[in-house]
Amino acid sequence: MTPITRQEVLGLYRKIFQIAKKWQSASGQIEETIKEKEYIKNEAKTLFRKNKNVTDPRLIKQCIEECKARIEIGLHYNIPYPRPIHLPPMGLAHKQGRMLRHQEKLRKISKPIYLKSHDELS
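Summary of the structure given here. (Residues numbered from 1 in each chain as written. Predicted model: local features only at pLDDT ≥ 70, side-chain atom pairs only at ≥ 80, totals over all residues. Heavy atoms only, no water.)

Our focus in this paragraph is the overall build of the chain. A count of helical and extended segments in the chain gives five helices and zero strands. N-terminal to C-terminal, the α/β element order of the chain is α-α-α-α-α. Buried positions account for 26% of the 122 residues belonging to the chain. Summarising the internal contacts of the chain: among those between residues at least 6 apart in sequence, 67% fall at separations of at least 24. (Helix = DSSP H or I, 4+ residues; strand = E, 2+ residues; numbered from the N terminus. Buried < 20%, exposed > 50% of the residue type's maximum accessible area, 1.4 Å probe, protein only. Contact = heavy atoms within 4.5 Å.)

Here it is as structure tokens:
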């Protein structure tokens, strides 16, 4: 990891914890706020620890982009949890042969970047 990339990753890590410190839930309830703050901290710790040994520059770049996307979406919607995508199951092609493989490929491509690590943890 280059020094610039390392600084960027550490900056994102600090930014997430600053957001968690100031976080207010949309409902305004204290219990919800505490629960969401803990979720933000635990999610950040889990994902950063999982990816700490990544050395491929493209994979590091992808992780950074995912982190930035999740931060922006969380702040915009005031929801710390990843927003799901709504694609109907098997709604893109017929359920047999080549078309099924093609549909699975399309579904994988259409998945937003901010959900890639969330699905791996679930």
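Next comes the rest of the account.
In this structure, the largest pocket encloses a volume near 880 Å³. Taken together, 40 residues line the largest pocket, and the ones lying closest to its centre are I16, L47, F48, C63 and C67. When contributions to the lining of the largest pocket are tallied by element, the ones reaching two or more residues are helix 1 (3-22), helix 2 (30-50), helix 3 (57-77) and helix 5 (116-121). Considering each element in turn, the lining of the largest pocket owes the most residues, twelve residues, to helix 3. Partitioning the lining of the largest pocket into residue classes produces 27 nonpolar, four polar and nine charged. (1 Å grid on protein atoms, 1.4 Å probe; cavity = no way out; pocket = protein on both sides within 12 Å on 5 of 7 lines; lining within 4 Å. Points joined across faces, edges and corners; volume = space filled by probe spheres on them. Nonpolar A, V, L, I, M, F, W, Y, C, P; charged D, E, K, R; others polar.)

This paragraph deals with the nonpolar core. Of all hydrophobic cores here, the largest spans 13 residues; its most connected members are L12, I16, I40, I64, C67 and I71. Elements with a contribution of two residues or more to this core: helix 1, helix 2 and helix 3. In this structure, I40 is in contact with I16, A20, W23 and P80, ignoring residues within four places of it in sequence. (Core = buried A, V, L, I, M, F, W, Y, C linked by side-chain atoms within 4.5 Å.)

Using the criterion set out here, one finds three aromatic pairs in the structure. On the basis of an interplanar angle of 65° and a centroid distance of 4.8 Å, the ring pair of Y13 and F48 is categorised as edge-to-face. With a gap of 35 residues between them, Y13 in helix 1 and F48 in helix 2 connect regions that are remote in the sequence. A relative accessible area of 23% places F48 in the partly exposed class. One aromatic cluster in this structure is built from Y13, F17 and F48. (Phe/Tyr/Trp six-rings, centres within 6.5 Å; stacked < 30°, edge-to-face > 60°.)

For the structure on display, the rule yields zero disulfides. This cysteine, C63, is not joined by any disulfide, and C67 carries the nearest cysteine sulfur, 9.1 Å off. (Disulfide = S-S within 2.5 Å.)

This part covers unusual backbone geometry. One non-glycine residue, N78, lies in the positive phi region at around 60°. On the basis of relative accessible area, N78 is assigned to the partly exposed category, the value being 26%.

A separate point is the packing of helix 1 against helix 2. Close contact between helix 1 and helix 2 brings their axes to 8 Å; oriented N to C, the two are set at 165°. By the angle class used here, helix 1 and helix 2 are roughly antiparallel. In the crossing of helix 1 with helix 2, the sense of the turn from one axis to the other is left-handed. Counted together, V9, L12, Y13, I16, F17, A20 and K21 of helix 1 and K37, I40, K41, A44, K45 and F48 of helix 2 form the full contact between these two elements. Among the residues forming the contact of helix 1 with helix 2, the class breakdown is nine nonpolar, no polar and four charged. (Axes fitted to C-alpha atoms, helices over the stretch in contact; angles between N-to-C directions. Parallel < 35°, antiparallel > 145°, perpendicular 65-115°, else oblique. Left-handed = near helix turned anticlockwise from the far one by under 90°.)

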